[in-house]
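Descriptive analysis of the structure
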Amino acid sequence: MPEVAIVSGKGGCGKTTLSASLAYVLKKRGVPITILDADVDAPDLQILFNGEYEDKTVIRASRMAKIDYDKCTNCGVCVDACQFDAIRYKDDGVTVYIDEPFCEGCGVCKLVCPVDAVSLEEYETGDVTIFKSNLGFRVVTGHVGPQAEASGMMVNEARKISRIAMIKDKSDLLLIDGPPGIGCPVISSVSGTDLVILITEPTPTGLHDLKRVYEIVKHFQIPAVLVINKADIHEPIKQKIIQWAKQNNIEIIGEIPLEDVVPRAIVQMKPVVEVFPESTFAKIMEDITNKFLEKLDEVLKNPVNPYEKYEIK
Amino acid sequence: MIVDTDVDAPNVSTLLNTEIFNKKEVTGFVPEVNLSECIQCGKCAEVCLMHAVIAVPGRNPIFFHDLCNGCTACKIICPTNAIYDGKKVYGWTYESKYVIEENNNTIDIVIGELKPNEPRSTTVVHETKKRAKELAEKKHYDFIIVDVAPGAHCNVMSAVIDADLVLAVTETTPFGKHDLELILEIFKDRNISAGIVINRYGLVEGDGGIDESAKKYNVEIMAKIPLDNRLIKSYVNTKPVVISDPEAPSAKALEQLTNRVLEVL
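Description of the structure in this document. For every chain, the first residue of its written sequence is number 1, and the numbers climb from 1 along that sequence. By the order in which they are written, chains take letters starting at A while ligands take numbers starting at 1. Since the coordinates come from a predicted model, pLDDT governs what is reported: local features require at least 70, and pairs of side-chain atoms require 80 or more to be given and counted, while whole-chain, interface and lining totals use all residues. For the side-chain quantities, the full set of heavy atoms in the structure was used; hydrogens and water were omitted.

Here the focus is the overall build of chain A. Strands are runs of DSSP state E lasting at least 2 residues, helices are runs of H or I lasting at least 4, and numbering of each runs from the N terminus. Across its full length, chain A carries 11 helices and 13 strands. Taken along its principal axes, the extent of the C-alpha atoms in chain A is 70 × 50 × 45 Å. Counting over 313 residues, chain A shows a buried share of 58%. In chain A, the share of contacts with a sequence separation of at least 24, taken over all contacts with a separation of at least 6, comes to 76%. In these tables, accessible area is a Shrake-Rupley quantity obtained with a 1.4 Å probe, and a residue counts as shielded only by the protein chains included in the view. Counting only carbon and sulfur atoms, one obtains 49% of the accessible surface of chain A, whose full area is about 13,200 Å². Positive charges come from Lys and Arg, negative ones from Asp and Glu, while His and the chain ends are left out of the count. To locate a charge, the coordinates of NZ of Lys, CZ of Arg, CG of Asp or CD of Glu are taken. In chain A, which carries 35 positive and 46 negative side-chain charges, the distance between the mean positions of the two groups comes to 4 Å. When a residue's accessible area, from a 1.4 Å probe over protein chains only, is under 20% of the maximum for its type it is buried; when over 50% it is exposed; and in between it is partly exposed. Whether two residues are in contact is decided by their heavy atoms, any of which lying within 4.5 Å being enough.

Another aspect to go through is the sheet that holds strand E5 (residues 83-100) of chain B. Residues and elements named next belong to chain B. Strand order in the open sheet made by the 5 strands is E2-E5-E6-E1-E7, with mixed pairing throughout. At either margin of the open sheet sits one strand with a lone partner, and together these are strand E2 (20-33) and strand E7 (145-147). Averaged over all pairs of adjacent strands, the angle between strand axes in this sheet comes to 20°, irrespective of strand direction. Axis definition: a line fitted to C-alpha atoms, limited for helices to the stretch in contact. Angles are taken between N-to-C directions and run from 0 to 180 degrees. With respect to the sheet, helix H4 (residues 121-138) is in contact with strand E1 (2-4), E2, E5 and strand E6 (105-114), its orientation differing from that of E6 by roughly 160°. We treat two strands as partners when DSSP finds at least two bridges between them.

In this scheme Phe, Tyr and Trp rings, the latter by its six-membered ring, pair at centre separations within 6.5 Å, and the angle between planes marks the pair as stacked below 30 degrees, edge-to-face above 60, and tilted otherwise. Using the criterion set out here, one finds 2 aromatic pairs over all chains in the structure. Aromatic pair Phe49(A) and Phe137(A): ring centres 5.2 Å apart, planes at 75°, arrangement edge-to-face. Placement of Phe49(A) in helix H2 (residues 45-49) and of Phe137(A) in the loop between strand E8 (126-132) and strand E9 (138-144) is noted, with a sequence separation of 88 residues between them. For the pair Phe49(A) and Phe137(A), one class covers both residues: buried. The residue whose ring lies beneath Arg120(B) is Tyr90(B), and the NZ or CZ to ring-centre distance is 5.9 Å. By the criterion adopted, a ring carries a charge over it if an Arg CZ or a Lys NZ lies within 6 Å of its centre and within 35 degrees of its normal.

Among the structural elements, Phe21(B) can be located in strand E2. Residue contacts for Phe21(B): discarding those within four places in its chain leaves Tyr94(B), Glu95(B), Ser96(B) and Lys97(B).

Moving on to the packing of helix H6 (residues 174-190) of chain B against helix H7 (residues 210-217) of chain B. Residue and element names in this part refer to chain B. For the pair H6 and H7, the least separation of the axes is 10 Å and the interaxial angle reads 10°. Taken together, the axis directions place H6 and H7 in an arrangement best described as roughly parallel. Of the two possible hands of crossing, H6 and H7 adopt the one that is right-handed. Residues Gly 176, Lys 177, Leu 180, Glu 181, Leu 184, Glu 185 and Lys 188 of H6 lie in contact with H7, whose contacting residues are Ile 210, Glu 212, Ser 213, Lys 216 and Tyr 217. Just so you know how the angles are binned, under 35 degrees is roughly parallel, over 145 roughly antiparallel, 65 to 115 roughly perpendicular, and the rest oblique. When the near helix sits turned anticlockwise from the far one by under a right angle, the crossing is termed left-handed; a clockwise turn instead gives a right-handed crossing.

Further remarks concern helix H5 (residues 151-169) of chain A. Residues and elements named next belong to chain A. Helices are assigned an expected span. That span is 1.5 Å times one less than the residue count. Over its 19 residues, H5 runs 26 Å from end to end, which matches the ideal 27 Å to within 8%, given 1.5 Å per residue. Of the positions making up H5, those classed as buried are Ser 151, Gly 152, Met 154, Val 155, Glu 157, Ala 158, Arg 159, Ile 161, Ser 162, Ala 165, Met 166 and Asp 169. Remark: Lys 170 follows H5 within two positions and exhibits a positive phi of approximately 50°.

Here we come to the pairing of strand E2 (residues 33-37) of chain A. All names here are of chain A. Among the 5 residues in E2, 5 count as buried, and that is most of the element. Side chains of E2 alternate between two faces, with Ile 33, Ile 35 and Asp 37 and Thr 34 and Leu 36 buried alike. Relative to strand E10 (residues 173-177), E2 is paired through 5 bridges, and the arrangement is parallel. When the sheet's bridge partners are listed, Ile 35 is paired in E10 with Leu 175. Relative to E9, E2 runs parallel, the two sharing 3 bridges. By the bridge assignment for E9, Ile 35 is matched with Val 139.

This paragraph deals with H4(B). Residues and elements named next belong to chain B. Its 18 residues place the ends of H4 26 Å apart at the C-alpha level, agreeing with the 26 Å of an ideal helix rising 1.5 Å per residue. Of the positions making up H4, those classed as buried are Ser 121, Thr 122, Thr 123, Val 124, Val 125, Thr 128, Lys 129, Arg 131, Ala 132, Leu 135 and Ala 136. At the C-terminal side of H4, His 140 shows a positive phi close to 55°.

Okay, the interface of chain B and chain A next. Counting residues at the interface gives 50 residues for chain B, matched by 53 residues for chain A. Of the roughly 4,300 Å² buried at the junction of chain B and chain A (both faces included), carbon and sulfur atoms supply 67%. Defined here as a combined quantity, buried area equals the accessible surface (1.4 Å probe) lost by two parts on assembly, summed across both. Broken down residue by residue, the surface that chain B buries against chain A is led by Leu49(B), Asn117(B) and Phe175(B), which jointly contribute 16%. For Arg212(A), the salt bridge identified is with Glu113(B), shortest N-O distance 2.4 Å. Contacts described as polar in this section are N or O atom pairs within 3.5 Å, which, within protein, must combine one atom able to donate a hydrogen with one able to accept it, while residues neighboring in sequence count only if both atoms come from side chains. Connecting chain B to chain A are 17 residue pairs in polar contact (both at pLDDT 80 or more). Elements with a contribution of two residues or more to the side of chain B that touches chain A: helix H1 (12-16), helix H3 (73-77), E6, H4, helix H5 (154-160), H6 and helix H8 (229-236) of chain B. Side-chain classes are defined by residue name, with Ala, Val, Leu, Ile, Met, Phe, Trp, Tyr, Cys and Pro counting as nonpolar, Asp, Glu, Lys and Arg as charged, and the others, Gly among them, as polar. Residues that form the side of chain B that touches chain A fall into these classes: 27 nonpolar, 17 polar and 6 charged. Criterion for a salt bridge: a side-chain nitrogen of Lys or Arg within 4 Å of a carboxyl oxygen of Asp or Glu.

Here is the structure:
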């Protein structure tokens, strides 16, 4: 079951806008799809599809250290052992406490505690919700709890659950609306996908972050295509992006100009192509969809073997 | 002083077009094993909750550094002290300097950068802040402005946890409101003082319900920065709008924001 991730490095480049419109156009053309919002810190995609709640899975895969103060002697051995500065002294300078958001649940404190005062407790990492959109396909949304240092893990769990949604949708394609940045949730969104759509904007930061996120894509040897959003805001940087794409052999499948239909559609909480089917945006989206499908077809016929570089002895 | 803790995508030096210097590695522990001391007991694999060690009885253990989070549990448990400190590079910190040409004032900048394909953003944020604090003390800075990553996850928490004031930047769309409330919820939980800055004000009609969010969380809207082409222009020309185009509507709003922040502090 093919999976395609949409990432940008920089936030605000248009990942969700593109994902939503691409899903809409594909669905209209009869391509069975499912879509996953992998921006588990701040999942926004569901807002655009006004889906009907179908199912929720609570993920309890995180552990956190807990101190039993009846036993604790405040010796401070755990404070020194913790590699994540998650155990500290309170303002009194004596009492130790776990600063929960920083605890990785590794259990080192439990290991070193001389009086067995530390235990590891399971807690809720987050949840994965399946919605049925008004267009018929499922929207899967992962959400990581504020206490959980586990965005990457949540993306992995959400991708697993997306498989169930794909079966229900009889879907051939999972679109993954990725998170910003290049950290663990991005790595989890990109790894093992068949194709990555990079989206950028012609600003110094847009290009800078595009190059960084491409390092992840390259690492996993995944073929990529590029969309330049807000393409008309700065010609010289756009030319630099085009040059960079050429050097890296990345096909540019569309250039979208800056248009006020985008914020206006977001306010109506719908994909741009649905609200403004006559806009330049919508016309370019058709073209992007064509080129995307062509490329997907090509990569599925010529799968990359990631183990090729390893010599089996 | 400015600190860039968006280590996934550090952009302050790109935006101000400054040179970076004084690179330092951010490293963490990974286990290395002295096989002549190893008794193949398998305890290192038992304690590793990251499943980064495989130990089959009667065989030497195999360590997977890609999965290791550097907690040192294996080293602590090893009965023969066969495991010793290895080093893994998670990223780097840098310094930079922005000179305001108009008055020759210098602003020091400290930047953190995550090494691509390393998942440990938090560690790099932590080290960046540590370095920034040292430099700020040495140079007697009154204020440290910390640029933070998007989202609401661990590296955002690391960056804001000891701030005196956090500015939550948003826009008047349902996305803006939704994500704003997520982050305000965290600030409320942690008792962190916050203010709201609405960016691209006028992008759509009305305030997109941001006012409502401000009331709900009892947080002040400190500025409304208008949608302004002159700001985009200064952005792509890598010069802050307040310097290159101080008469622009966005520049004026930023001046007012500065005054308000100083008052509140």
